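# Topology and contacts: notes
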Amino acid sequence: MEQQILTAYLCFWLAVFGAVLGSFLDCAVSRWAAGDPHPFRGRSRCGSCGQTLGPRDLLPIASFLFCRGRCRYCGARIPAECLVSELAGAAAFVLLGWRFGWVLELGQWLAFAALLLALSLVDWAKRILPDKLLLLLAANRAVWFVLLGHGARELLAAAKACAVPAALLVLVLAMEKLLGREAMGGGDIKLLFVLALYLGWAELFLTLLAGCLLGLLWAALTGGSGKTAMPFGPFLALGAMLTVCCGGPVLEWYFGLF
């Protein structure tokens, strides 16, 4: 009972921190996408009227709901991405808190989730996965590799996992040569290689499968077509988060069939 109370307490504060982080990342990415050379500087303001926002306007999730998704100064609609980013940050951190609890390794996965959220927002806004963010994601794993005392076993697992994106890369290149057009973005392949540093080969395969299914579901719900370019990074990121938090039982069930 005591452990459950401690976990609930942890998840509460992780939800708050995750929502704040989601709000911050959405603000920074939206400024960057609009051409702001200093996206991390200056106070938050309404994108329509330019009014500087006060504390009551900046409460993650709550402000959006209280104002019914509109700026209380000019009445313009607040982009739904703001609420989605805050909810995504809160949900990701809560799931990780529930999955890992009060352990040192939780720090690695919180940074993992934050960087995946940043990559997803950038990819959704500009259809790119910046190399700098991918390198930060890889560096995070390298730092925690040392802090957690990992060794040859984990290195071998990462090498095996890299076989998944390597095989996919060969398949994509063959398809592009056959079709004469791009079949998959290079940034998505790079992201899979970085994810291989965190996940085993089976987990990475599950991530890729989940990402594809989520992307197809989104296209079906939004009426997308094969001719419409759609970023795959956010769906890969979501698939990775679901695999980290819930993939264990799925893989155990699958391998138990053989």
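See above for the structure.
Predicted model only: the values in this text are computed from it and were never measured.

## Details of the nonpolar core
Grouped together as the largest cluster of nonpolar side chains are 49 residues, with contacts concentrated most on Leu96, Phe112, Leu116, Leu137, Leu191 and Leu195. Elements represented by at least two residues in this core include exactly helix H1 (2–33), helix H3 (80–100), helix H4 (106–126), helix H5 (131–147), helix H7 (163–179), helix H8 (186–195), helix H9 (201–222) and helix H10 (233–255). Per-element accounting of this core gives the leading share, 13 residues, to H4. Discounting chain neighbours no more than four positions away, the residues touching Leu96 are Gly101, Leu106, Trp109, Leu110, Ala113, Met241, Val244 and Cys245.

## A word on the state of the cysteines
Considering all chains together, one arrives at zero disulfides under this definition. The cysteine Cys162 is free of any disulfide, with Cys212 supplying the nearest cysteine sulfur at 18 Å. For Cys162, a relative accessible area of 24% translates into the label partly exposed. Of all cysteine sulfurs, the one in Cys245 lies closest to Cys246, which takes part in no disulfide; the gap is 5.6 Å. For Cys246, a relative accessible area of 33% puts it in the partly exposed group.

## Some thoughts on the environment of Ala196
Mapped onto the elements of the fold, Ala196 is located in the loop between H8 and H9. Sequence-wise, Ala196 and Cys246 are 50 residues apart; in three dimensions their C-alpha atoms are separated by 17 Å.

Parameters at a glance
Residues numbered from 1 in each chain as written. Predicted model: local features only at pLDDT ≥ 70, side-chain atom pairs only at ≥ 80, totals over all residues. Heavy atoms only, no water. Core = buried A, V, L, I, M, F, W, Y, C linked by side-chain atoms within 4.5 Å. Buried < 20%, exposed > 50% of the residue type's maximum accessible area, 1.4 Å probe, protein only. Helix = DSSP H or I, 4+ residues; strand = E, 2+ residues; numbered from the N terminus. Contact = heavy atoms within 4.5 Å. Disulfide = S-S within 2.5 Å.

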